[in-house]
Amino acid sequence: MTTAMGAALRRIQLGNALSAFGNGFTVPFLFIYVSQVRDLGASTAGIVLATFAVAALVVLPLTGRAIDRRGPLPVAVVGTVSAAIGSMGLGLADSESLVIAAAAALGAGIAVIQPSLATMIVWCSTPSTRSRAFAMQFFLNNLGLGVGGLLGGQLVDVSNPSSFVRLFAIESVMFLVLGAAIATVRLPKVPKVEDAVPTDEAAKGGWRTLLADRAMVQLCGLGFVMFFACYGQFESGLAAFAVEVTRISPATLGIALAANTAAIVLAQFVVLKLVERRRRSRVIALVGVVWTVAWVAAGVSGLVPGAHGVATALLISTYALFGIGESMLSPTMAPLVADLAPARLIGQYNSAFALVKQLALAIGPAVGGLMAGGGMYVAYIAMLIVCSLGISVLALRMGRRLTPAQDNPLRARAEAVAAVPARVGESERTAVTV
């Protein structure tokens, strides 16, 4: 990695961390804000949360092409402005229509920012440094969200709407800081992404190229199952199971969520050293095993109601195990998407994978919530154990389609370097013989 690439990457990571910090101020309190502080009711709060997913699903199919035609930097700046307007709008809105419109602007902005930043990180890294770059991004995101949520909880006052306006104003400013940080980045041209901004004719075939890429299609299917079985359950089915079946208090549920963040923050770079030289497909398969253990622990926590301490420990360990699995995925999934993508379609591939994630995050809570509402907790845990095992199976199947450089770029590079002296020696011996 060159000095210019490192400087650009540091600026991107800093802006991203500050944005996550601002986002942490509002995310845990959004439902309470809309339903109670603005007195718009739980149904409107549910519509607002759904609006985030709908807005993302609308803009993401267009975002990839925009990134590949215009470059990730201007697209990311537009996303930060939209997110800042939406965030400030939420703080000031006092009617259902205004709250929903602001949520749409915020959701669309965040959806645009994610693949744009991912593409910028790809441009500012090499195959051998990409895993560490994405691991750092994930680490800073979670650290920012955790610290922001902690400070936001100290500032918020349900009886004082102005305290929420303050939180949304801070979030809005942080999005603008992110926009300013990346607007001044000088993106380098690296071999991986040379000619990454194609002509209009080249960009039109983006979706056809992606859908014909069997490895990428398998990765998207794997990603859907993964996001459905983990992230899509945190605030719906798993939370309901913890309160209704394990019988933990909402305060203890907060501790469990903190354990998830703590596991990510504490384990990220230890895990990175363990996985970055191993085959990506096998790392993902191991995540499926870890999450299977997590769901089994959650299920067992509901079978020992008489031993409340044991049940609580099992439930908290479920969230911690999810965090460990997430820390294994951060240096694996996003770099794999980048290494599968043709140079001219990196934005398209990143946006497609973000679209799959949003679909899973929209469907996952709906399915989890319906099953929890119907009291189908045994079937719920069984379904997610099967999904987690399915992650391992799908990952191993996908690994058969990956080249050595895609599955393990560090090992492939080391083998290529080691082979150079051997080829040189063979050439010299041939020359002497002749």
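Each remark here, short or long, concerns the structure printed above.
Below is a summary of the structure that appears in this document.

The rules behind each value
Residues numbered from 1 in each chain as written. Predicted model: local features only at pLDDT ≥ 70, side-chain atom pairs only at ≥ 80, totals over all residues. Heavy atoms only, no water. Helix = DSSP H or I, 4+ residues; strand = E, 2+ residues; numbered from the N terminus. Buried < 20%, exposed > 50% of the residue type's maximum accessible area, 1.4 Å probe, protein only. Contact = heavy atoms within 4.5 Å. Areas by Shrake-Rupley, 256 points an atom, 1.4 Å probe, with all protein chains shown as cover. Salt bridge = Lys/Arg side-chain N within 4 Å of Asp/Glu carboxyl O. Axes fitted to C-alpha atoms, helices over the stretch in contact; angles between N-to-C directions. Left-handed = near helix turned anticlockwise from the far one by under 90°. Nonpolar A, V, L, I, M, F, W, Y, C, P; charged D, E, K, R; others polar. Phe/Tyr/Trp six-rings, centres within 6.5 Å; stacked < 30°, edge-to-face > 60°. Lys NZ or Arg CZ within 6 Å of the ring centre and 35° of its normal.

Overview of the overall build of the protein
Moving on, step 1. Counting its regular elements, the protein contains 19 helices and 0 strands.
Moving on, step 2. Here the protein holds 434 residues, and 51% of them are scored as buried.
Moving on, step 3. Across the protein, contacts joining residues at least 24 apart in sequence account for 85% of those joining residues at least 6 apart.
Moving on, step 4. As presented, the protein carries roughly 18,600 Å² of accessible surface, and 68% of it is formed by carbon and sulfur atoms.

What to know about the pattern of salt bridges
Moving on, step 1. Overall, the coordinates contain 4 salt bridges when judged by the stated rule.
Moving on, step 2. Of the charged contacts, one joins Arg279 and Asp407 as a salt bridge, the two residues approaching to 2.8 Å between their closest N and O atoms. Remark: Asp407 occurs in helix 18 (residues 404-407) and Arg279 occurs in the loop between helix 12 (250-275) and helix 13 (280-301); sequence separation between them is 128 residues.
Moving on, step 3. Each of Arg130, Arg280 and Asp339 takes part in a single network of salt bridges with overlapping partners.

What about the packing of helix 12 against helix 14 (residues 308-329)?
Moving on, step 1. Running from N to C, helix 12 and helix 14 point in directions that differ by 35 degrees, and their axes come no closer than 7 Å. In the packing of helix 12 onto helix 14, the handedness of the crossing is right-handed. Two secondary-structure elements touch here, helix 12 through Thr252, Leu253, Ile255, Ala256, Leu257, Ala259, Asn260, Ala263, Ile264, Ala267, Gln268 and Val271 and helix 14 through Thr312, Leu315, Ile316, Tyr319, Ala320, Phe322, Gly323, Ile324, Glu326, Ser327 and Met328.
Moving on, step 2. Along the lines of polarity and charge, the residues of the contact of helix 12 with helix 14 split into 16 nonpolar, 6 polar and 1 charged.

Digging into the packing of aromatic side chains
Moving on, step 1. All told, the structure shown has 10 aromatic pairs when counted by the stated rule.
Moving on, step 2. Ring geometry for Phe224 and Phe228: centres 6.3 Å apart, planes at 20 degrees, overall stacked. Taken together, the residues Phe224 and Phe228, both in helix 10 (residues 214-229) and 4 residues apart, mark about one turn of the helix.
Moving on, step 3. The class of Phe224 is partly exposed, set by a relative accessible area of 27%.
Moving on, step 4. Take Phe228: its relative accessible area is 8%, and that puts it in the buried class.
Moving on, step 5. Measuring from centroid to centroid gives 5.5 Å for Phe227 and Tyr231, while their planes differ by 45 degrees, and the two rings are tilted.
Moving on, step 6. By relative accessible area, which is 8% here, Phe227 ends up buried.
Moving on, step 7. Pairwise contacts between aromatic rings join Trp291, Trp295, Phe322 and Tyr380 into one cluster.
Moving on, step 8. The lysine or arginine in question, Lys357, covers the ring of Tyr231, its NZ or CZ lying 5.7 Å from the ring centre.

Read these as spatial facts, not as claims about activity.
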